[in-house]
Amino acid sequence: MSAAIELRQVSKVYGEGRAEVHALREVDLSVRGGELVAVMGPSGSGKSTLLTIAGTLEEPTSGDVFIAGHELAGMSRNDRARLRRRSIGYVFQDYNLLAGLTAVENVSLPLELDGVKGKVARAAAMEVLAKLDLTERATRYPDELSGGESQRVAIARAVVGERRLLLADEPTGALDSLSGETVMRMLRLASQQGVAGVVVTHDAQMASWADRVVFLRDGRVVDQTAPSAGPESLLAPGAGK
Amino acid sequence: MSIRHALLALLSEGPKYGLQLRQEFESRTGEVWPLNVGQVYTTLQRLERDGFVESEGSGGAGPQNVFTITPPGSDELTEWLRTPPDVIPPPRDELVIKLLVAMRVPGVDLAELLQVHRRHLVQAMQEYTHLKGEIAEDEVELALVVDSELFRLEAIVRWLDTADARLKRLPARAASKDAPRVGRRIAGIRR
Ligand SMILES: Nc1ncnc2c1ncn2[C@@H]1O[C@H](COP(=O)(O)OP(=O)(O)O)[C@@H](O)[C@H]1O
Ligand SMILES: [Mg+2]
């Protein structure tokens, strides 16, 4: 099976000459459907750049991006726009919900923009909201939602439809620990249902919800965690420190 | 964990048999603080000697005796709950020592060294978090313990991140120069 997203030797340079910034250097990253990967690194290490390139919002200076096995470079602008609309969901730190729309309208919007009929789109949106425990909030406006609820609505909007790739940039940055935890549980739930997730954070507790943590430094992937040994190992005799 | 205070807490709910105390102690704390159950009876004996509990009957601190908390016992429990734990750390953390030593060893890539420890800590955090993901909502005691471990480990990761950033900013220092002495200046903060 091909990875949901794969970056091969991706580099990104902003600016020119003395203003040149190497935001990413020869980054390899591959994420399968069903896997949640966290990207950790200090500010300025290239996390957001990595995410915008994975989300096809920006092009790499060099290297290749594959989405579900399709090489991005060979696609027309239209194909790429459709792929972005249909397959990729984005979650940002500041939720980015439209203030004039209710929660369910925010979630159904991407489907409607893609030509899905209103009723069908709304039903799909309600279904996702229910999975994220938001049925009761569906007809509320963003200013009537708490930060944690807003972020869960944003996740619902990012996974509604046939989206295969969920990209989140510091999604818990504005939340208290428990709301952040709820958001991470939801991202994990989405990934367990088959979506490939990439979440950028500098918070180790949030990152530790991921199956794998990738460490970025000065635009390079310098390290990653081994696959989890599972909680059993904590309870084994002599485990721990 | 103070067994004394755990037993006083159980008795603050009402009088209990020795055996019952032993079982409740095990079921409430067993997973988190495995302990030799024999300690329950010897501890009860000492609590009685100190006047914090009373027992009915003459069999000593055995399974068939009923124990009751006394007013001084209640005061002791309240006092203990409100006493700040000793958060002043031991003289020097092992990880801190390793970094201070590494700074004097030629050829060590400090960022890489910090990353080795960061990875190790984050992996441990992943295991705790996965455990948290499996805890049922009403198992709040276990969740509280896991949270506390996670915050402790996170604090170390944040120290590593800060150390990393601090060292990155530091202009190269001649290796021959003596390391500034930190011991005496820190000693004033520590007991
Ligand atoms: N649009 C841009 N133009 C110029 N430089 C940029 C741009 N976006 C990011 N950078 C630079 O690229 C580097 C990586 O940025 P970013 O990916 O935002 O890091 P992070 O999200 O880890 O904080 C930084 O030095 C940043 O200043
Ligand atoms: Mg960023």
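Residues numbered from 1 in each chain as written. Chains lettered and ligands numbered in written order. Predicted model: local features only at pLDDT ≥ 70, side-chain atom pairs only at ≥ 80, totals over all residues. Heavy atoms only, no water.

The name that an unreviewed UniProt entry assigns to chain B is Transcriptional regulator, with the source organism given as Phytohabitans aurantiacus.

As named in an unreviewed UniProt entry, chain A is Macrolide ABC transporter ATP-binding protein, taken from Phytohabitans aurantiacus.

On a plain count of helices and strands, chain B comes out with eight helices and three strands. Going residue by residue from the N terminus, the α and β elements of chain B occur as α-β-α-α-β-β-α-α-α-α-α. With 191 residues in all, chain B has 32% of them scored as buried. Expressed as a percentage of contacts within chain B between residues at least 6 apart in sequence, the contacts between residues at least 24 apart total 56%. For chain B, the exposed surface amounts to about 12,400 Å²; the carbon and sulfur share of it is 55%. (Helix = DSSP H or I, 4+ residues; strand = E, 2+ residues; numbered from the N terminus. Buried < 20%, exposed > 50% of the residue type's maximum accessible area, 1.4 Å probe, protein only. Contact = heavy atoms within 4.5 Å. Areas by Shrake-Rupley, 256 points an atom, 1.4 Å probe, with all protein chains shown as cover.)

Another aspect to go through is the site of ligand 1. Residue and element names in this part refer to chain A. As a structural note, the neighbourhood of ligand 1 is formed by Tyr14, Val21, Ala23, Pro42, Ser43, Gly44, Ser45, Gly46, Lys47, Ser48 and Thr49. Contact distances for ligand 1 include 2.9 Å between an oxygen atom and a side-chain N or O atom of Ser48. Among the elements of the structure, strand E2 (21-31) and helix H1 (47-54) are those that each provide at least two residues to the shell around ligand 1. Looking at side-chain class alone, the shell around ligand 1 contains four nonpolar, six polar and one charged residues. (Near = heavy atom within 4 Å. Polar contact = N/O pair within 3.5 Å; in protein donor to acceptor, adjacent residues only side chain to side chain. Nonpolar A, V, L, I, M, F, W, Y, C, P; charged D, E, K, R; others polar.)

Turning to a negative patch on the surface, a few remarks are in order. Among the surface-exposed residues, Glu137(B), Asp138(B), Glu139(B) and Glu141(B) lie close enough to one another that they form a single negatively charged patch. Along the polypeptide, Glu141(B) turns up in helix H7 (residues 140-169). (Patch = residues over 30% accessible without salt bridge, like charges linked within 9 Å, V, L, I, M, F, W, Y side chains within 5 Å. Salt bridge = Lys/Arg side-chain N within 4 Å of Asp/Glu carboxyl O. Lys, Arg positive; Asp, Glu negative; His and termini not counted. Charge placed at Lys NZ, Arg CZ, Asp CG, Glu CD.)

We now examine unusual backbone geometry. Residue and element names in this part refer to chain A. Backbone geometry at Thr56 places phi at a positive 60 degrees, although glycine is not the residue there. Relative to the helices and strands, Thr56 resides in the loop between H1 and strand E4 (62-67). The phi dihedral of Asp133 is positive, around 65 degrees, even though this residue is not glycine. Structurally, Asp133 can be placed in the loop between helix H4 (118-131) and helix H5 (147-159).

Residue and element names in this part refer to chain B. Taken residue by residue, chain B gives an average pLDDT of 83. The fraction at 70 or more is 79%. Between the elements of chain B, mean pLDDT differs from a low of 65, seen in helix H8 (residues 183-187), to a high of 95, seen in helix H6 (residues 110-134). Two numbers describe this predicted complex: its pTM, 0.82, and its ipTM, 0.87. (pLDDT = per-residue confidence, 0-100.)

The subject of this paragraph is the packing of H5(A) against helix H6 (residues 177-192) of chain A. Residue and element names in this part refer to chain A. H6 packs onto H5 with a crossing angle of 15 degrees between their chain directions and a minimal axis gap of 9 Å. Classed by the angle they form, the pair H5 and H6 counts as roughly parallel. Of the two possible hands of crossing, H5 and H6 adopt the one that is right-handed. When H5 is examined against H6, the residues Gly148, Gln151, Arg152, Ile155 and Val159 are found in contact with a partner set consisting of Ser179, Thr182, Val183, Met186, Leu187 and Ala190. Class assignment of the residues belonging to the contact of H5 with H6 gives a composition of six nonpolar, four polar and one charged. (Axes fitted to C-alpha atoms, helices over the stretch in contact; angles between N-to-C directions. Parallel < 35°, antiparallel > 145°, perpendicular 65-115°, else oblique. Left-handed = near helix turned anticlockwise from the far one by under 90°.)

This brings us to the pattern of salt bridges. In this structure the tally under the stated criterion is 24 salt bridges over all chains. Its salt-bridge partner being Arg217(A), residue Asp164(B) comes within 2.7 Å of it at the nearest N-O pair. Highlighted residues: Asp164(B) in helix H7 and Arg217(A) in strand E9 (residues 212-217), drawn from two different chains. For the pair shown, Asp164(B) and Arg217(A) are each scored as buried. The residue Lys168(B) makes a salt bridge to Asp218(A) at a minimum N-O spacing of 2.7 Å.

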